[in-house]
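Examining the three-dimensional arrangement
Below are the chains, spelled out letter by letter.
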Amino acid sequence: MMQLSEQINALIFAFIYGVFINILVELNYKFIYDIRLFVKVIVSFLFVLDLSLLYFLILINIT
C-alpha cells in the first residue's frame, strides 16, 4: 500500500507531466505539419513511445 505522501507526490508529478506533454505535443504538431506521411507516422510513434516510457520510469522512481 502506498503512503499518502507518495500518492500526493505521484499526483503532483502527473499534473506537471501533463502540462509538459501538452507543450511537447504542440511543438511536435508544428514540427511534423509539413512533412511526408511516413515520416509523420514514425515521428509520432517514437514521440508517444518515448514520453510514455519516460513517464513510467519517473513514476517508478517516485514510488
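Everything discussed here concerns the structure shown above.
Before going into details, it helps to say that this report is about the structure given with it. (Residues numbered from 1 in each chain as written. Predicted model: local features only at pLDDT ≥ 70, side-chain atom pairs only at ≥ 80, totals over all residues. Heavy atoms only, no water.)

Let's talk about the packing of aromatic side chains
On inspection of all chains with the given rule, the structure shows six aromatic pairs. For the pair Tyr17 and Tyr55, a centre-to-centre distance of 5.2 Å together with 40° between the ring planes defines the contact as tilted. In this pair, Tyr17 sits in helix α1 (residues 4-32) while Tyr55 sits in helix α2 (residues 37-62), placing the two residues 38 residues apart along the sequence. Judged by its relative accessible area of 7%, Tyr17 is buried. One aromatic cluster is present, formed by Phe13, Tyr17, Phe20, Tyr55 and Phe56 through successive ring pairs. (Phe/Tyr/Trp six-rings, centres within 6.5 Å; stacked < 30°, edge-to-face > 60°. Helix = DSSP H or I, 4+ residues; strand = E, 2+ residues; numbered from the N terminus. Buried < 20%, exposed > 50% of the residue type's maximum accessible area, 1.4 Å probe, protein only.)

A few points about α2
An ideal rise of 1.5 Å per residue puts 38 Å on 26 residues; α2 measures up with 37 Å between its terminal C-alpha atoms. Of the residues making up α2, those classed as buried are Phe47, Leu51 and Leu59. (Expected span 1.5 Å × (residues − 1).)

A few points about a nonpolar patch on the surface
A grouping of Leu4, Ile8, Ile12, Phe15, Ile16, Val19, Ile23 and Leu27 is seen on the molecular surface, where their side chains present a nonpolar patch of about 810 Å² in accessible area. Locating Leu27 in the fold gives a position in helix α1. (Patch = residues over 30% accessible without salt bridge, like charges linked within 9 Å, V, L, I, M, F, W, Y side chains within 5 Å. Areas by Shrake-Rupley, 256 points an atom, 1.4 Å probe, with all protein chains shown as cover. Salt bridge = Lys/Arg side-chain N within 4 Å of Asp/Glu carboxyl O.)

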